[in-house]
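Below are the chains, spelled out letter by letter.
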There are 2 protein chains.
Amino acid sequence: MRFLLHGDETVIAAGLAKHPEAARRVEIRHAERVIAMDEKPAQALRRGKGTSMWGAVEAVREGQAVAAVSAGNTGALWTISRLILRMCADLERPALVASIPTPRGVTTFLDVGANIDCDAERLVEFAIMGEAFHRAAHGVPKPTVGLLNVGSEEMKGHEEVREANRVLREGKIDLDYRGFVEGDDITRGSVDVVVTDGFTGNISMKAMEGAARFMNAELRAAFTSGLIPTLGYLLARPALRKFRERMSPTPAAPLLGLNGIVVKGHGGASAQDFAKAIQLAVDLARSDFSAEIERNMRRLPDALAEPLPGDSAASNGAAAPDVAPQGADE
Amino acid sequence: MRFLLHGDETVIAAGLAKHPEAARRVEIRHAERVIAMDEKPAQALRRGKGTSMWGAVEAVREGQAVAAVSAGNTGALWTISRLILRMCADLERPALVASIPTPRGVTTFLDVGANIDCDAERLVEFAIMGEAFHRAAHGVPKPTVGLLNVGSEEMKGHEEVREANRVLREGKIDLDYRGFVEGDDITRGSVDVVVTDGFTGNISMKAMEGAARFMNAELRAAFTSGLIPTLGYLLARPALRKFRERMSPTPAAPLLGLNGIVVKGHGGASAQDFAKAIQLAVDLARSDFSAEIERNMRRLPDALAEPLPGDSAASNGAAAPDVAPQGADE
């Protein structure tokens, strides 16, 4: 493995001087400027050329790198990646994935990013990309896929959600689709990949993060509420540390839907977090990820074709289809 | 305070025989039948007359009771209440409130129920009802209100959300509106009342519940991972019990938007939970809750009127308005 490091040459060289082993695998690409963390995407686009972020993404387009990794400004990385690499899907913006811990492992949850208004086609695109990502990142041969919806029968979801459900159930897209799932299925691990629009995804992911943060704070308060609980805490500490590690958010996520691999590391990434982001980029680059997405994307137009009149309950808004177990006939 | 108990007379009378004090405050209204927990709302509507649930709601319409409390089938309670009491707002279904614990107290979060497709008017109606509810239930004189949206500037929410934000900011509705909030503000307590559509609300509430359940399970696993952590747990147990109580969901919620007070108790409600549901109904009935909602609802048509051309940035989809602190001029 070899690395191109984009940034200020003197700073990078000084850092590398302490790590001669790493230095042998590195080529420095000097960049005069950087994109600031608070820069607006439009601004980043105008003055992005010549920045380290721009250089890293451009190296992917030029075939000099198989993937770009950045822990910088998310909006700028989206915008620059979209301009330089172009979208392979019909999305406004790349989809952002969250990896949520569950008792079984990890749920791939998307879009938690920026695609606010999603029609059925976009939801199916998320399903295709999320499934390929989950296989590449976690080595699951045939990940299961669910579509996020509300619970009760009477009030089954938006029209887009019902239409996407119809398309996915028909089986023209090669996915192990399991039907609708609910909000609490994300952490239950009922399916490997949970698909939703960027509005619902962003809000429910932040709601979960907030709930976890609040619980941690309350837990700390409980443990420090007296001498005896504190003693209890000290005894349980090593076990609780593992608990906290398990609960901490994953440090890296791909921007899905681009012609090329771009991984976004968490803004406050530690060295270890950044190593995980690089590992994720490597896993994706070594997998069949991009080809698999392309293959299923080509099936989309046929799958989206209007159903025969007899099948049209799902698309006329009158009734929601029942959740079908995998392989059920329509 | 007096109670009408609707249900099987012999069962109720047998129960009351053990509680002579309570029996003096109770009048039994015999009902031959009950709505089953798994009955579909449409079914409940057809064969609802003569059931205990129907009788309880009807007593509110007839002025015999100031509020109805039920821990039965939610969908049936919605449907029957809507038919008998009628909606005071222009909603398809009553809005359902969740009360979420925060470091400051409780966030009133709505709609977590059944209103899936919400235009700006409905979101404003939720704000009006949620604010009046929060004051009545928690004694906060002037609750603050926020509208749930995604984070980054570039991708600020659906058109309906932006339009509702405009209406609420203009100040024609008498609310302490604080602008947009994000998913993690629900448990942070940034505002007293968080407003969203029933799709996003239902999913994000269940996502939070799932996250909390998962964390509790992992915590249990950490504590039972060996002798020493278990000893730690035993020492901290009383403090952790308080933690768990604080995290447990509230046992009752009103159905908002009806001409009359209906409180839904949790399906698995204990006696204590049910007492809390009754207390909530009493608090609402004793407050100015219904009159306050009516007053603000009358302001709605004027507030919804189209803005002047110069103000129209929010409604043409071109740009999202900035979040204004309370009292800021437009």
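What you see is a predicted model; the values in this text were computed from it and never measured.

Draft legend 1. The arrangement of the overall build of chain A in detail. Secondary structure assignment for chain A yields 12 helices and 10 strands. The buried share of chain A, reckoned over its 330 residues, is 53%. Partitioning the intrachain contacts of chain A with sequence separation of at least 6 by distance along the chain shows that 69% fall at a separation of at least 24.

Draft legend 2. Inspection of the interface of chain A and chain B at higher detail. At the interface, 62 residues of chain A touch 62 residues of chain B. Taken together, the two surfaces of chain A and chain B that pack against each other cover about 5200 Å², and 73% of this comes from carbon and sulfur. Summed over the shared surface of chain A and chain B, the result is four salt bridges. With its nearest N and O atoms 3.6 Å apart, the salt bridge here joins aspartate 184 of chain B to arginine 213 of chain A. Counting across the chain A and chain B interface gives seven residue pairs in polar contact (both at pLDDT 80 or more). Listing elements by their share of the side of chain A that touches chain B, those giving two or more residues are helix 5 (74-85), helix 8 (185-188), helix 9 (198-223) and helix 10 (227-247) of chain A. Considering each element in turn, the side of chain A that touches chain B owes the most residues, 20 residues, to helix 9 of chain A. Tallied by class, the residues present in the side of chain A that touches chain B amount to 31 nonpolar, 17 polar and 14 charged.

Draft legend 3. Spotlight on the pairing of strand 6 (residues 144-148) of chain A. All names here are of chain A. Of all the five residues making up strand 6, five are buried; the element is thus mostly covered by neighbouring parts of the structure. Neither face of strand 6 is left uncovered, since the one carrying Thr144, Gly146 and Leu148 and the one carrying Val145 and Leu147 both have all their residues buried. Here strand 6 runs beside strand 7 (residues 176-181); their pairing, made up of four bridges, is parallel. Bridging from a neighbouring strand, leucine 147 pairs with phenylalanine 180 of strand 7. Note: strand 6 against strand 8 (residues 193-195), three bridges, orientation parallel. In the sheet register, glycine 146 faces strand 8, and the bridge partner there is valine 194.

Draft legend 4. Spotlight on the sheet that holds strand 3 (residues 67-70) of chain B. Residue and element names in this part refer to chain B. Taken together, eight strands build an open sheet; the order of strands is 3-10-9-4-5-8-6-7 and the sheet is mixed. Of all the strands in the sheet, the pair left with one neighbour each is strand 3 and strand 7 (176-181). Shown here is a sheet whose adjacent strand axes are inclined to one another by a mean of 25 degrees, direction ignored. Pairing of strand 3 with strand 10 (residues 261-265) involves four bridges; the strand directions are parallel. Opposite valine 69, over in strand 10, you have valine 263 as the bridge partner. Against the sheet, helix 6 (residues 120-138) touches strand 4 (95-101), strand 5 (106-110), strand 6 (144-148), strand 8 (193-195) and strand 9 (252-256), its axis set at about 150 degrees to strand 5. On the sheet, helix 9 (residues 198-223) packs against strand 4, strand 5 and strand 6 and is oriented at approximately 140 degrees with respect to strand 5.

Draft legend 5. The arrangement of the relation of the copies chain A and chain B in detail. The transformation that overlays chain A on chain B combines an axial shift of 0.0 Å with a rotation of 180 degrees, and the residual RMSD is 0.0 Å. In short, the pair behaves as if placed about a two-fold rotation axis. For chain A, the smallest separation between a C-alpha atom and the rotation axis is recorded for glycine 232 of chain A, amounting to 1.8 Å. Both copies share a contact surface, since 100% of the interface residues of chain A are interface residues in chain B too.

Draft legend 6. Spatial organisation of the environment of glutamate 125 of chain B. With respect to the secondary-structure elements, glutamate 125 of chain B resides in helix 6. Sequence separation of glutamate 125 of chain B and glycine 257 of chain B is 132 residues, and the distance between their C-alpha atoms is 8.5 Å.

Draft legend 7. Structural view of the packing of aromatic side chains. Within the structure shown, the criterion is met by three aromatic pairs over all chains. Judged by centre distance (5.0 Å) and plane angle (50 degrees), the rings of phenylalanine 223 of chain B and tyrosine 233 of chain B are tilted. You can see phenylalanine 223 of chain B sitting in helix 9 and its partner tyrosine 233 of chain B sitting in helix 10 (residues 227-247), a full 10 residues away along the chain. A relative accessible area of 22% means that tyrosine 233 of chain B is categorised as partly exposed. Through a chain of ring-to-ring contacts, the aromatic side chains of Phe223 and Tyr233 of chain A together with Phe223 and Tyr233 of chain B assemble into a single cluster.

Draft legend 8. Spatial organisation of the nonpolar core. Core analysis: the largest hydrophobic core is formed by 81 residues, its most contacted members being Phe109, Phe126, Val195 and Phe289 of chain A. It is helix 6 (residues 120-138) of chain A that contributes the most residues to this core, 11 residues altogether. Once you skip the residues sitting within four places of it in the chain, phenylalanine 289 of chain A turns out to touch Met129, Ala132, Phe133, Ala136, Leu256, Ile261 and Leu284 of chain A. One finds Ala207 of chain A together with Ala65, Ala95 and Val167 of chain B within the second-largest nonpolar core, a separate group that totals 80 residues.

Draft legend 9. Representation of the packing of helix 6 of chain A against helix 7 (residues 159-170) of chain A within the structure. Residue and element names in this part refer to chain A. Relative to each other, helix 6 and helix 7 sit at 50 degrees, their axes nearing to 8 Å. It follows from the interaxial angle that helix 6 and helix 7 lie oblique. Crossing of helix 6 against helix 7: the hand is right-handed. Every residue of helix 7 that contacts helix 6 at Ala120, Leu123, Val124 and Ala127 is listed here: Glu160, Val161, Glu163, Ala164, Val167 and Leu168. Its residues assigned to classes, the contact of helix 6 with helix 7 comprises eight nonpolar, no polar and two charged.

Draft legend 10. Helix 12 (residues 289-304) of chain A, seen in detail. All names here are of chain A. Between its first and last C-alpha atoms helix 12 spans 23 Å; for 16 residues at 1.5 Å apiece the expected length is 22 Å, and the two agree. Approximately 25 degrees is the largest bend angle found in helix 12, and it occurs at arginine 298, with the proline proline 301 only one to four residues beyond. Close packing links the buried residues of helix 12 with helix 6, helix 7, strand 9 (252-256), strand 10 (261-265) and helix 11 (271-286).

Draft legend 11. Representation of the pattern of salt bridges within the structure. In total, this model carries 32 salt bridges over all chains according to the counting rule given. With its nearest N and O atoms 3.2 Å apart, the salt bridge here joins glutamate 27 of chain B to arginine 29 of chain B. Across the salt bridge formed by glutamate 163 of chain B and arginine 166 of chain B, the nearest N and O atoms sit 2.9 Å from each other. Separated by three residues within a single helix, glutamate 163 of chain B and arginine 166 of chain B lie in helix 7 (residues 159-170), roughly one turn from each other. Here the two residues glutamate 163 of chain B and arginine 166 of chain B agree in accessibility, since each one is buried. Linked through salt bridges whose partners overlap, the residues forming this network are Asp184, Asp185 and Arg188 of chain A together with Arg213 of chain B.

Parameters at a glance
- Residues numbered from 1 in each chain as written.
- Chains lettered and ligands numbered in written order.
- Predicted model: local features only at pLDDT ≥ 70, side-chain atom pairs only at ≥ 80, totals over all residues.
- Heavy atoms only, no water.
- Helix = DSSP H or I, 4+ residues; strand = E, 2+ residues; numbered from the N terminus.
- Buried < 20%, exposed > 50% of the residue type's maximum accessible area, 1.4 Å probe, protein only.
- Contact = heavy atoms within 4.5 Å.
- Buried area = accessible area lost by both parts, 1.4 Å probe.
- Salt bridge = Lys/Arg side-chain N within 4 Å of Asp/Glu carboxyl O.
- Polar contact = N/O pair within 3.5 Å; in protein donor to acceptor, adjacent residues only side chain to side chain.
- Nonpolar A, V, L, I, M, F, W, Y, C, P; charged D, E, K, R; others polar.
- Pairing = 2+ DSSP bridges.
- Axes fitted to C-alpha atoms, helices over the stretch in contact; angles between N-to-C directions.
- Least-squares fit on C-alpha atoms with pLDDT ≥ 70 in both.
- Phe/Tyr/Trp six-rings, centres within 6.5 Å; stacked < 30°, edge-to-face > 60°.
- Core = buried A, V, L, I, M, F, W, Y, C linked by side-chain atoms within 4.5 Å.
- Parallel < 35°, antiparallel > 145°, perpendicular 65-115°, else oblique.
- Left-handed = near helix turned anticlockwise from the far one by under 90°.
- Expected span 1.5 Å × (residues − 1).
- Bend = angle between axes of the 7 residues up to and from the residue.

Such coordinate-based values are descriptive only and should not be taken to indicate function.
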